[in-house]
Amino acid sequence: MNTLKLYIVLTVSFLMSSSTLIGQELGHPRIYITNDTKEDFIKNLENVSWKKALVEKKIKKLEKYIKLWNEDPTWLVSRLQMNWKTKHDKVYLKGGNFSHSEGSAPVPTVRYSGTRDWATDYKRPKLEDVEPYFDDPRGLYLEHKDTGEKEWIHPSKAGFAIEKINQEIMQLVEDAAFLYWYTGDEIYAEFATPVFFTYINGMYYRDAPIDLNKSNQQFISGLATFEVIHEGIVIPLVTTYDFLYNYFKTKNRDLSNTAAVFQKWADQIIKYGIPDNNWNLFQARFLTYIALVLENNEAYKNGKGREYYLDYTFNISTDRQIAVSESLNVYDQETGIWPESPTYSVHVITTLLKIFTLLDHVTNENEIAKYPILEKAVWASFQYLFPSGYMIGVGDGGHKILPPENFELLIANYRKYNQKEKETLISGFLSEFISKNLYKREAKDLFNLFYYVDDVVDAQANLEAITTPTFYAPNISVFNQRIGTGNDAVMLSTAGSFGNHAHANGISIELFANNYVLGPDSGKGPSYWHPTFRNYYARMPAHNTVIVDGKSNYSNMRTYHPFSLDNSFPKSGKSTIFDKLTYSKVSFLEPETVSYQQRFSAIIKSKSQKAYVVDVFRSKKQKEGKQKHEYFYRNIGQTLDVYDDNSKALKFQNTNDLSSKLGDLKGYDFFSAKKKAVTSKDVKAVFTLAEANNPKNKMKLWIKGSPNQTIYKVKAPNSNALSNGTAPKEILKDSLHTLVIKREESAWNNPFAVVFNPYKEDDLNPVKNVSYTSLKDYPNAQIIDVLLSDNITTDRIVVNASENDIAKTEDLYQKGLLSVIRTSKSNSPLDFIFLSGVSRVDYKKWTIIASANPVTVSIEKVDDGYLIQNDNPVTINLPYKKGEERAKILLYKDGEIVSTRKAMLNRNNPEQQYFKLEKAYDKVIVAN
């Protein structure tokens, strides 16, 4: 179905499902519950302890404030952040900062927030410490976080203090409104009413802000905050109105200003914002609340009621607010991935689920089921996870679990519409979060209270069953690959820069092994406007990447510098019978220095089931001449030791290198304890993480030598991506030991080559030794020999720069990208041959020739022959001894034998027999 047809179908579907809303009078409350089900709710609450606990918590919390209110009826209302004396009705900004207010209104007006930047040096006062009716021309009088002294400051220095105080007050009012509905006790309504109307009337008489700088800020500002997506106070205002509506009516309160304020707020959200990222959906959630609490269009002279705003939420797009039905097309329809950093992506899912849950409460038309991409997105989000269950940290992200709320809301939907199989499936993952103490079921707010089911089906979940060995998300430029389970699990996440909330990171990696993210990304800084974020966390030096001339750089946030996925195995989202390795080769053009970069990364399982990682990074400037390339890698732990090829500690000296004073990026200035050594030989770097009562956690890097190569040891700022689930709690704020390898020349024909070798001190190290070889006549070839721990098995990895390159040694000819050959000194010397992006390979008595396009093929020794799979037509010549029976070939489809044949004799080589695979096969057995 094309996009236009899909849009029409979704629009018609929505309009049909909304027929119960159009032209119909609905009672209050209606957002979370109706009076028709109140009795059942109250009765049921007594049997659900975790829901009852929230109600009791709210009652207890309000006791304190009601007592203060009884003693002084102005206690709470006077703490609202208002223009009490000036009654200014106009607000002026200078870009992302509050400038001043002016004008005059008949009532005190709502004070505007101080700044777009939440990072501040000043503490927000507790509600009890807020000065009543505070409105002083000197600004705000707040305590400095470091000195503990109070200072007069301009509101722009206070972060979100103003808006957060008002939100805190309005949440108390919301609680009181709910408790009035729940208990019928009018004291709660009397407590809430003056605060509610003071704020509403104060917003009614206050204009939207004007940006004096005439910058983009004008087009994203809300009525109370600098971003329409931060208008969180809308929700308690709407729900207070909903729960107290009937009380207000009985007291003959004029509600026209309230409806007008909600309309003004919705109009501001429709008019302003950012239409093509997560903002759009966050805005839509506020619109949904406002729309559902308003009456039908006919109730208002301007015709802007429930149907009007629902239509703008779901069907009508504006320049700054794209309709929800159209926004869902932003998802990659094939992968189910939203084009933003994973942390933001999963919360887009949450927001959409909340929107449709709210709507479905009124329509009862299974709104979620009408948008299958939502379910697909939930399942796709598991591909973000490290084996420990925490998300990758690419871009402005962090190592967090998937939002349990996503599962809670799907469970509620499935139970409501009797989809038991789906409910059980998703419940298993929520149960796993609970059993691992990653999530505690509790009601944190009214949304949880009314929409979460009382209990969850006890079911089992298996993360390995719904993740695949590799996963490629092109719209965020991420390729994840994983091997192994439990303590043997290893995962590598390779990231470019594409989509929203991305960093300038070139081709960066995060590496998971030994149950931790040993090689983490650095995450985000204090705020998006903070110099530390702008100069370090969002820039190349904060990532595990290669920097050219100390200057590699481009814009972060919304950025368009993805890598190109050239080759990989297995294909994204697919499983394979050959499970000994995964790999990717990606390419990238670094724009600042106009440099070609290419990163080959493979995870290879050793015979002991533990894995190691091969990383070959090529980098060169398009313009020849003097150039510098620096390979960065940081690892958690307390120490970093570097040894020469004789296992002696390399001698380092202090240095002032790696500095903006020498022409490098400002991000280099964040490194400390800088030491360097110069050597042309291979070296070994060992990062050690020590934990109490646990064996030492080691990451050993086997690093290829190069003429006059400089090795640096530095300390980098802590990673803000790390969390309790991906690193020990006690080191989360520690500096990261960082290794920098520098070349004063191109690193293309002579690439950076590193083998990452994770192991535990009390466990078997899967790698005994690593050696590197280059071929003078074939400069694009990199050969890596890895001797495994049994001391008799060797993996030979030959990586060319492209599918058109050649590598030739005494016993190997390779035209193509990659070969990995595992041999042993035992009676069966060949364990496996793996080839990818290859046209031809001759190895000893084996010859593999692609019929047309380069082939990926695995040939693995099994008890009675060889297990083979291929992705393109190929001819395989295998060893043959005269007089032996020729091999029998069994071809499989869907697990069943579909054909058998015998190998043919190679008339040009009597020591070979051969067979042709005329197409791709998932499984072929060659029986001796």
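Residues numbered from 1 in each chain as written. Predicted model: local features only at pLDDT ≥ 70, side-chain atom pairs only at ≥ 80, totals over all residues. Heavy atoms only, no water.

**Q** Any chance you could explain the overall build of the protein here in plain terms?
**A** Within the protein, the regular secondary structure consists of 17 helices and 43 strands. Taking 30 Å as the expected radius of gyration for a compact globule of 928 residues, we find that the protein reaches 32 Å, a close match to that expectation. If you line up the protein on its principal axes, its C-alpha atoms span 105 × 65 × 50 Å. With the model as given, the accessible surface of the protein reaches about 37100 Å², and the carbon-plus-sulfur share is 48%. Seen as two clouds, the 114 positive and the 109 negative side-chain charges of the protein have centres 6 Å apart. (Helix = DSSP H or I, 4+ residues; strand = E, 2+ residues; numbered from the N terminus. Rg over C-alpha atoms; globule rule 2.2 N^0.38 Å. Areas by Shrake-Rupley, 256 points an atom, 1.4 Å probe, with all protein chains shown as cover. Lys, Arg positive; Asp, Glu negative; His and termini not counted. Charge placed at Lys NZ, Arg CZ, Asp CG, Glu CD.)

**Q** Is there a simple way to explain the packing of aromatic side chains in this structure?
**A** Each pair of aromatic rings is reported with the distance of its centres and the angle of its planes. The final tally for this structure, using the stated rule, is 66 aromatic pairs. With a centroid separation of 5.1 Å and 85° between ring planes, the pair formed by W846 and Y866 is classed as edge-to-face. Of the two residues, W846 sits in strand β35 (residues 846–850) while Y866 sits in strand β37 (residues 865–870), which places them 20 residues apart along the sequence. Each of the two residues, W846 as well as Y866, counts as buried. Each member of the aromatic cluster is reached from another via a ring pair, and the members are Y32, F41, F178, W181, Y182, F243, Y289, F447, F450 and Y451. Over the aromatic face of F197 sits the side chain of R253, whose NZ or CZ is 4.1 Å from the ring centroid. A cation sits over an aromatic face here: K861 above Y866, 5.5 Å from the ring centre. (Phe/Tyr/Trp six-rings, centres within 6.5 Å; stacked < 30°, edge-to-face > 60°. Buried < 20%, exposed > 50% of the residue type's maximum accessible area, 1.4 Å probe, protein only. Lys NZ or Arg CZ within 6 Å of the ring centre and 35° of its normal.)

**Q** For this particular structure, what's the right way to read the environment of Y331?
**A** Residue placement: Y331 occurs in the loop between α10 (324–327) and α11 (342–363). On a C-alpha basis, the gap between Y331 and E744 in space is 43 Å, while along the polypeptide they are 413 residues apart. Excluding anything up to four places from it in sequence, Y331 contacts G336, I337, W338, V348, I349, L352, I373 and A377. (Contact = heavy atoms within 4.5 Å.)

**Q** Explain the packing of α11 against helix α12 (residues 372–380) here, please?
**A** The relative placement of two packed helices comes down to the angle between their axes together with the axis-to-axis distance. Viewed as axis vectors pointing N to C, α11 and α12 meet at an angle of 145°, and their least axial separation amounts to 10 Å. Between α11 and α12 lies a crossing of left-handed hand. Taken together, the residues of α12 that come into contact with α11 (itself represented by I349, L352, L353 and F356) are L374, A377 and V378. The residue makeup of the contact of α11 with α12, split by class, is seven nonpolar, no polar and no charged. (Axes fitted to C-alpha atoms, helices over the stretch in contact; angles between N-to-C directions. Left-handed = near helix turned anticlockwise from the far one by under 90°. Nonpolar A, V, L, I, M, F, W, Y, C, P; charged D, E, K, R; others polar.)

**Q** When you look at the sheet that holds strand β3 (residues 97–102) in this model, what are you seeing that I'm missing?
**A** In any sheet, the strands associate via hydrogen bonds between backbone groups, in a parallel or an antiparallel arrangement. The strand order across the open sheet formed by three strands is β3-β2-β7, and the pairing between neighbours is mixed. Looking at strand neighbours, the two that pair on one side only are β3 and β7 (210–211), the edges of this open sheet. As paired elements, strand β2 (residues 90–94) and β7 share two bridges and run parallel to each other. By the bridge assignment, L93 is partnered in β7 with D211. (Pairing = 2+ DSSP bridges.)

**Q** How should I be thinking about the sheet that holds strand β26 (residues 709–716) in this particular structure?
**A** With antiparallel pairing, the six strands of this open sheet are ordered in space as β14-β20-β27-β26-β23-β22. Only two strands of the sheet have a single neighbouring strand rather than two, namely β14 (546–548) and β22 (653–654). Of the pairings in the sheet, the one linking strand β20 (residues 629–635) to strand β27 (residues 736–743) comprises seven bridges and is antiparallel in character. Paired with Y631 across the strands is I741, a residue of β27.

**Q** For this particular structure, what's the right way to read the pattern of salt bridges?
**A** Any two side chains of opposite charge can pair if their charged atoms end up close together. Per the stated rule, a full pass over the model turns up 43 salt bridges. The partner of E408 in a salt bridge is R441, with the nearest N and O atoms 2.7 Å apart. In this pair, E408 is assigned in helix α13 (residues 404–416) and R441 in the loop between α14 (420–435) and α15 (446–451), connecting sequence segments 33 residues apart. Overall, the relative accessible area of 14% leaves R441 in the buried class. Linked through salt bridges whose partners overlap, the residues forming this network are D579, K580, K605 and E860. (Salt bridge = Lys/Arg side-chain N within 4 Å of Asp/Glu carboxyl O.)

**Q** For this particular structure, what's the right way to read α13?
**A** Counting along an α-helix, one turn takes 3.6 residues, and residues three or four places apart therefore face a common direction. Under the 1.5 Å per step criterion, the end-to-end length of α13 is 18 Å for 13 residues, consistent within 8% with the ideal 18 Å. Of all the 13 residues making up α13, 11 are buried; the element is thus mostly covered by neighbouring parts of the structure. Buried residues along α13 sit in contact with α11, α12, α14 and α15. N418, located one to two residues past α13, shows a positive phi value of around 55°. (Expected span 1.5 Å × (residues − 1).)

**Q** Where do I start with the packing of helix α5 (residues 186–204) against helix α6 (residues 234–250) in this structure?
**A** In contact at an axis separation of 10 Å, α5 and α6 are set at 120° when each is read in the N-to-C sense. Classified by the interaxial angle, the pair formed by α5 and α6 is oblique. Pair α5 / α6 crosses with left-handed handedness. Along the contact surface, α5 presents E186, A189, E190, A192, T193, F196, F197, Y199 and I200, while α6 presents L237, T240, Y241, L244, Y247 and F248. Taken together, the residues of the contact of α5 with α6 sort by class into 11 nonpolar, two polar and two charged. (Parallel < 35°, antiparallel > 145°, perpendicular 65-115°, else oblique.)

**Q** I tried to follow the pairing of strand β31 (residues 793–799) on my own but got confused; where do I start?
**A** Looking along a regular strand, one sees the side chains alternate between the two faces of the sheet. A large share of β31 lies buried, amounting to five of its seven residues. As paired elements, strand β30 (residues 778–788) and β31 share six bridges and run antiparallel to each other. When the bridges of β31 are listed, I783 appears paired with V798. With antiparallel pairing between neighbouring strands as the criterion, β30 and β31 make up a hairpin whose turn holds four residues, including N791 at a positive phi of roughly 70°. Bridge count between β31 and strand β33 (residues 812–824): seven bridges; the pairing is antiparallel.

**Q** Is there a simple way to explain the nonpolar core in this structure?
**A** In a soluble, globular protein the nonpolar side chains are often hidden away together inside. Counting residues in each nonpolar core, the largest one holds 216 residues, and the members touching the most others are Y32 and W265. Residue contributions to this core peak at 12 residues, all from helix α4 (residues 161–183). Sequence-distant contacts of Y32, defined by excluding residues within four places in its chain, comprise I235, T239, F243, Y289, L358, H361, L446, F447, F450 and Y451. Within the second largest apolar cluster, 33 residues are counted, among which are A807, L830, V841 and L878. (Core = buried A, V, L, I, M, F, W, Y, C linked by side-chain atoms within 4.5 Å.)

**Q** Sorry, what's going on with helix α3 (residues 49–71) here?
**A** For α3, with 23 residues, the first-to-last C-alpha span of 33 Å sits near the 33 Å given by 1.5 Å per residue. Of all the bends in α3, the greatest measures close to 30° and is centred on E63. Buried within α3 we find W50, K51, L54, V55, K58, L62, Y65, I66 and W69. Buried residues belonging to α3 abut α2 (38–45), α4, α5 and α15. (Bend = angle between axes of the 7 residues up to and from the residue.)

**Q** It is not clear to me how the environment of I507 should be interpreted in this structure. Could you clarify?
**A** Considering the arrangement of structural elements, one finds I507 in the loop between β11 (497–502) and β12 (508–513). Relative accessible area serves as the criterion here: at 0%, I507 is assigned to the buried category. Taking the C-alpha atoms as reference points, I507 and H530, 23 residues apart in sequence, are found 24 Å from one another. Those residues within four positions of I507 in sequence are excluded, and the remaining contacts are T494, A495, N544, T545, V586, F588, Q597, Q598, R599 and F617.

**Q** What should I look at first to understand the side chain of E630 in this one?
**A** As for its placement among the helices and strands, E630 is situated in strand β20. In this structure the side chain of E630 is engaged in a polar contact, spanning 2.5 Å, whose partner is the side chain of Y668. Dropping the residues within four chain positions of it, E630 is found in contact with T545, V546, I547, G550, L658, Y668, V740, I741, K742 and F752. (Polar contact = N/O pair within 3.5 Å; in protein donor to acceptor, adjacent residues only side chain to side chain.)

**Q** Explain the side chain of N567 here, please?
**A** Within the secondary structure layout, N567 lies in strand β16 (residues 564–569). Reaching out from N567, the side chain makes a polar contact with the side chain of E803 at a distance of 2.8 Å.

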